[in-house]
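Understanding the architecture of this molecule
Chain by chain, the residues:
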Amino acid sequence: MSDDTLRMLRDSAADFATLDAARVRRLRGADPGFERSVWQEMAGMGWLGVLIPEDLGGLGLDLRAAAIIAEQLGRALYPEPYGASAVAATLALLHGDHPDLKQRLLPQLAAGEIVASLAWQDERGGLDLAQCAVAAREHGGALVLDGSSRFVATPGADAFIVAARGARGLELHWVERGAAGLACEPEMRADGSAGARLRFDAVAAAAGTRVASSASAHSALQLALDHATLAASAELLGLMDCALEMTLAYLRTRVQFGKPIGSNQALQHRAVDMYIQKELTRATLAAALAAVADPGCTPERRASAASSAKARASQAALAICKEALQMHGAIGYTDEYDLGLYLNRALVLSAWLGNAGAHRSRYAALSQAA
Amino acid sequence: MNYGVEQEQDWNALSDEAFRALVRAEVEAHYPAELRYPPRRLRWDENKSWYLRMAAKGWIAPGWPREYGGMGLAPAKLLIFLEEQERWGIARFQDHGILMVGPILMRFGTEAQRRRYLPPILACEEIWCQGYSEPNAGSDLASLRTEARLEGGDFIINGQKTWTTLAHDASHIFVLARTDKAAKKQAGISFLLLELKAPGVTVRPIRDLAGHEEFCEVFFDNVRTPASNLVGELNQGWAVAKSLLGFERIHIGSPKLPEYGLQVLLAVARARGVEQDPVFRDRLAQLQLDVAQLGDIYGHFAAMVGRGEPLGPEVSLLKIWATETFQRIADLIIETAGDCGGLAGKVPMGDGRIEVLAPFYKARPSTIYGGSNEIQRNILARQVLNLPG
């Protein structure tokens, strides 16, 4: 993947990603919380297929390309489920072991015809794949799914890739939105988007819709989640960069006591600390993406790099947005002012796929094992 | 010419693994065991046997280009070289000649200056120290008052420098001196080289809070140095000095000291039996991430240096993050040590002896020297974030 490719991608993503705050506000509480027309535009630019091989309708690039897109979408607070569908669900399918499903579904994902979302966590959440509360069991000669899955990122998806405990271990199943026995209970998130709990009551599953058998499900899901974790970190980077820019502009122009408030050293030094957190996030994300792009990268190294990036990005985004709010004063606490959109999105993305504490623990466990 | 130093081979042609193995074998076989992980800066008498060996081997200047007698290591190889020194706990020496004078002369010096000064630096025959700070010119370095006037073929220097690291081990000093008192602050300063044994120089060590004598005061009373020891143009010394400051900030920003701090922290935690305590583990993980990410951002700036790109004011963030991370680690060491946290020297703990307070005493001044962290924040606020004055 050449630097030129990445540069072109960055330019086109930057052009596309300007904040439409009115749209972001309008989509709060809507079902679905994103727009199919925008999704189609993204597909038109090839973004939904960056990680999909060229012979399946994608661009065949690696995560560095997806991260560039995610960062720009983060800057502009796009509610479209890029990380959840074009990274997480797409990679779980791609690294599963069902060639026919890949042939059929990956081109549709690349073309933006369908949106997919992973369902893998139980009531408590967390990063442990073994903590799965959906069972795949034989029932009257057929395979069915029972149980529930929470923190599903995109309840408005057309299909879910569901992690289930089968007779031989973890499996991944493709379950369409309208499947009999599937119930979707939305949960409102801080930014007005919805997550969901899915309940499975003897939902039909079959070998024909099994994305990954127990031979590959665990590794495919972990790979998909680590990559999505890095994409979420990139989205957080774009978001914090923008929140910091807004704040710096405010510090330069807001006049009190006859001078810009940004001339006060007490605020300058705090602004520098926000900047340092952002630059640490950028450097750590870049190092992690480079590590993951290396063909010799082990799953442990990948997990460690993803945790490092997400721990910093989650912590830094929240720290920056909270400081931004304080520096703006009361105007920052109003819903009318755009800063709050950034803080609320930071809360959602920081918690998604493991917050700073969860990734700190995982990083420590991996370091100790190494 | 290569200034008298031949390299055995093109190190950059080796694979990273092969080069690492070679460096590791060298340090493990020959570095004196009693000098590993010293709790303070060693004096030249204590560690010269090792550095004279490195000089003889041609390994004293890993980052210098080969044409100047260095190893000519590419950034990735240089990082490996430094990592292996760190892994084995190799003591730093008074390396201002290697880290500062060499790069300065390569960039601003004359060919005659390079021929005169680079070979003895490479042979460790001449040891350099840095004469910047003065009693009334600390953070505000440009207000310095040590003056040099040209008389005949010599500069005559009068004044005082302070916080001069290991001046008592040095044979030479590079100083910033005022050569035009009428000009505004930065405009009238020149960069001069001189011998410490020149008549009129007095070096007086300063005892620090840790009880060590690592830095000194240096007094100049009508000290002469030939005009040929002016580096760069007359009254243009500030530009020369500033190029070193960027260099110093990246050097202070290396993950070396925080990594050493983490090693001490782990040793203290083991001795106290709190390694598996969940509160300790979470705080340790945060610091491990802080250090690993310092490595990521250090790598970013080191790669810029490797590509020959100038370092902008952004590099100040590296100094802030490195030194404050080191201080957080040192603080957790003391807290983890509990009752042993107030004991001086090597403290018996668990099965061994640990100098619990050594990282603390190393870390405290790190936010003061090299431009205090407050000054670094001012620089970032004004020059990078464009906040109003």
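Residue numbering note: each chain is counted from 1, following its sequence as written. Labels follow written order: the first chain is A, the first ligand is 1, and so on. Where totals are concerned, whole chains, interfaces and linings use all residues; where local detail is concerned, this predicted model gives features only for residues with pLDDT of at least 70, and gives and counts side-chain atom pairs only at 80 or more. Hydrogens are left out, water is left out, and the side-chain values use all remaining heavy atoms of the structure.

1. Looking at the overall build of chain B
Helix and strand definitions here come from DSSP, where helices need a minimum of 4 consecutive H or I residues and strands a minimum of 2 consecutive E residues; each element is numbered from the N-terminal end. In terms of regular secondary structure, chain B is built from 11 helices and 10 strands. Against the globule reference of 21 Å for 389 residues, chain B gives a C-alpha radius of gyration of 21 Å, in line with a compact fold. Looking at chain B as a whole, 51% of its 389 residues qualify as buried. Partitioning the contacts of chain B with sequence separation of at least 6, the portion at a separation of at least 24 is 73%. Accessible area for chain B stands at about 16,800 Å²; split by element, carbon and sulfur atoms hold 52% of it. Within these notes, the globule rule equals 2.2 Å times the number of residues to the 0.38 power, and the radius of gyration is based on C-alpha atoms. The cut-offs for exposure are 20% and 50% of the maximum accessible area for each residue type, with area from a 1.4 Å probe on protein chains only; residues under the lower value are buried, those over the upper are exposed, and the others partly exposed. Working rule for contacts: check all heavy atoms of both residues, and any pair within 4.5 Å makes them a contact. For every accessible area listed, the method is Shrake-Rupley and the probe measures 1.4 Å; residues are considered covered only by the protein chains on display.

2. Notes on the interface of chain A and chain B
By a frequent convention, interface size equals the accessible area lost on bringing the separate parts together. Contacts between the two partners involve 29 residues from chain A and, on the opposite side, 29 residues from chain B. Accessible area that two parts lose when put together, with a 1.4 Å probe and added across both, is what the buried area reports. In total, about 2,700 Å² of surface goes out of reach between chain A and chain B, with carbon and sulfur atoms giving 60% of it. Throughout this description, the term salt bridge denotes a Lys or Arg side-chain nitrogen within 4 Å of a carboxyl oxygen of Asp or Glu. At the surface where chain A touches chain B, the tally comes to three salt bridges. Here R312 of chain A ties to D290 of chain B by a salt bridge, and the two come within 2.4 Å at their closest N and O atoms. Polar contact is defined as a pair of N or O atoms within 3.5 Å, subject to the rule that within protein one atom must be able to donate a hydrogen and the other to accept it, and that residues adjacent in sequence are counted only when both atoms are side-chain atoms. The interface formed by chain A and chain B holds 14 residue pairs in polar contact (both at pLDDT 80 or more) in total.

3. With respect to the nonpolar core
Only buried residues count toward a nonpolar core. Its members are Ala, Val, Leu, Ile, Met, Phe, Trp, Tyr and Cys residues joined through side-chain atoms within 4.5 Å. If you look at the biggest cluster of nonpolar residues, it comprises 147 residues, and the most contacted ones within it are Y82 and L145 of chain A. A total of 20 residues in this core trace back to one element, the largest contributor, which is helix 7 (residues 217-253) of chain A. When near neighbours in sequence (up to four residues on either side) are disregarded, L145 of chain A contacts V134, A135, A136, V162, A164, H173, V175, F200, D201, A202, V203 and A205 of chain A. Formed by 76 residues, the second largest nonpolar core is a distinct cluster that contains I80, W128, L193 and A198 of chain B.

4. Describing the pattern of salt bridges
Residues and elements named next belong to chain B. The final tally for this structure, using the stated rule, is 58 salt bridges over all chains. Across the salt bridge formed by R53 and E26, the nearest N and O atoms sit 3.0 Å from each other. Linking R53 in helix 2 (residues 44-57) with E26 in helix 1 (residues 16-30), this pair joins segments that are 27 residues apart in sequence. Residue classification places R53 among the partly exposed positions, given a relative accessible area of 32%.

5. Focus on unusual backbone geometry
The residue after D31 of chain A, namely P32 of chain A, is reached through a cis peptide bond having omega -5 degrees. Assignment of secondary structure puts P32 of chain A in the loop between helix 2 (21-26) and helix 3 (36-44). One non-glycine residue, N222 of chain B, lies in positive phi territory at about 50 degrees. Mapped onto the elements of the fold, N222 of chain B is located in strand 7 (residues 215-226). Among the residues examined, N222 of chain B registers a relative accessible area of 43% and is labelled partly exposed.

6. With respect to the packing of aromatic side chains
Two aromatic rings, taken as a pair, are described by how far apart their centres are and by the angle between their planes. In this scheme Phe, Tyr and Trp rings, the latter by its six-membered ring, pair at centre separations within 6.5 Å, and the angle between planes marks the pair as stacked below 30 degrees, edge-to-face above 60, and tilted otherwise. Counted by the stated rule, this structure contains 15 aromatic pairs over all chains. Relative to W47 of chain A, the ring of F16 of chain A lies with its centre 5.0 Å away and its plane at 85 degrees, an arrangement referred to as edge-to-face. You can see F16 of chain A sitting in helix 1 (residues 3-16) and its partner W47 of chain A sitting in the loop between helix 3 and helix 4 (63-75), a full 31 residues away along the chain. Overall, the relative accessible area of 15% leaves F16 of chain A in the buried class. For W47 of chain A, a relative accessible area of 1% corresponds to the buried category. Put simply, the rings of W11, F19, W59 and F81 of chain B touch in pairs and so form one group of aromatic residues.

7. Topic: the side chain of T162 of chain B
Tracing the chain through its elements places T162 of chain B in strand 3 (residues 154-165). The contacts of T162 of chain B, once residues within four sequence positions are left out, are S133, E134, P135, I206, C216 and E217 of chain B.

8. Some remarks on the environment of A56 of chain B
Examined against the element boundaries, A56 of chain B turns out to sit in helix 2. Separated by 66 residues in the primary sequence, A56 of chain B and L122 of chain B place their C-alpha atoms 8.8 Å from one another.

9. Let's talk about the side chain of Q222 of chain A
All names here are of chain A. With respect to the helices and strands, Q222 occurs in helix 7. Given a relative accessible area of 17%, Q222 falls into the buried group. Aside from chain neighbours lying at most four places away, what touches Q222 is L129, R302 and R362.

10. Description of the packing of helix 8 (residues 265-293) of chain A against helix 9 (residues 316-337) of chain B
Between N-to-C directions, angles cover 0 to 180 degrees, with each direction set by a line fitted to C-alpha atoms, over the stretch in contact for helices. It is at 11 Å that the axes of helix 8 of chain A and helix 9 of chain B come closest, and there the two elements cross at 90 degrees. Looking at the two axes, helix 8 of chain A sits roughly perpendicular to helix 9 of chain B. Between helix 8 of chain A, through V272, Y275, I276, Q277, E279 and L280 of chain A, and helix 9 of chain B, the contact on the second element is made entirely by L317, I320 and W321 of chain B. Across the contact of helix 8 of chain A with helix 9 of chain B, the residue classes break down as seven nonpolar, one polar and one charged. Here is the rule for angles: anything less than 35 degrees is roughly parallel, anything more than 145 is roughly antiparallel, 65 through 115 is roughly perpendicular, and the remaining ranges are oblique. Only Asp, Glu, Lys and Arg are considered charged, only Ala, Val, Leu, Ile, Met, Phe, Trp, Tyr, Cys and Pro nonpolar, and every remaining residue, Gly among them, polar.

11. Examining the environment of C184 of chain A
Residues and elements named next belong to chain A. With respect to the helices and strands, the residue C184 is situated in strand 6 (residues 182-188). Along the sequence, C184 and G195 sit 11 residues apart, while their C-alpha atoms lie 9.7 Å from each other. Apart from residues no more than four positions distant in its own chain, C184 is found in contact with P155, A196, R197 and L198.

12. Considering the pairing of strand 5 (residues 169-176) of chain A
All names here are of chain A. Counting buried positions along strand 5 yields six of eight residues, so the element is predominantly enclosed. Here, any two strands with at least 2 DSSP bridges between them count as paired. Here strand 4 (residues 159-166) folds back onto strand 5, and the loop between the two strands holds two residues. Where strand 5 meets strand 8 (residues 210-212), two bridges bridge the pair, whose relative direction is antiparallel. Across the sheet, the residue bridging to H173 is R210, located in strand 8.

13. A look at the pairing of strand 4 (residues 172-178) of chain B
Residues and elements named next belong to chain B. For strand 4, the tally of buried residues reaches seven of seven residues, placing the bulk of the element in the interior. Taking every second residue as pointing to the same face, both faces of strand 4 are buried, with H172, F174, L176 and R178 on one and I173, V175 and A177 on the other. In this sheet, strand 4 lies alongside strand 1 (residues 128-131) in parallel orientation, the contact comprising four bridges. By the bridge assignment for strand 4, C129 is matched with I173. Across seven bridges, strand 4 lies against strand 5 (residues 189-195) in antiparallel orientation. In the sheet register, I173 faces strand 5, and the bridge partner there is L194.

14. A short note on the packing of helix 5 (residues 82-94) of chain A against helix 6 (residues 99-110) of chain A
Residue and element names in this part refer to chain A. Following both chains from N to C, one finds helix 5 and helix 6 inclined at 165 degrees, their axes separated by 10 Å at the closest point. When the axis of helix 5 is compared with that of helix 6, the two are roughly antiparallel. Crossing of helix 5 against helix 6: the hand is left-handed. Residues S85, T90, L93 and L94 of helix 5 pack against L101, K102, L105, L106 and L109 of helix 6. Rotating anticlockwise by less than a right angle from the far helix to the near helix defines a left-handed crossing, while the corresponding clockwise rotation defines a right-handed one.

15. Some thoughts on the confidence of the model for chain B
All names here are of chain B. The predictor attaches a confidence to each residue, called pLDDT, with possible values from 0 through 100. Mean pLDDT over chain B: 92, with 99% of residues reaching 70 or higher. Averaged over each element, pLDDT in chain B is lowest for helix 6 (residues 237-252) (80) and highest for strand 8 (residues 230-231) (98). The ipTM value of the predicted complex is 0.91, and its pTM value is 0.90.

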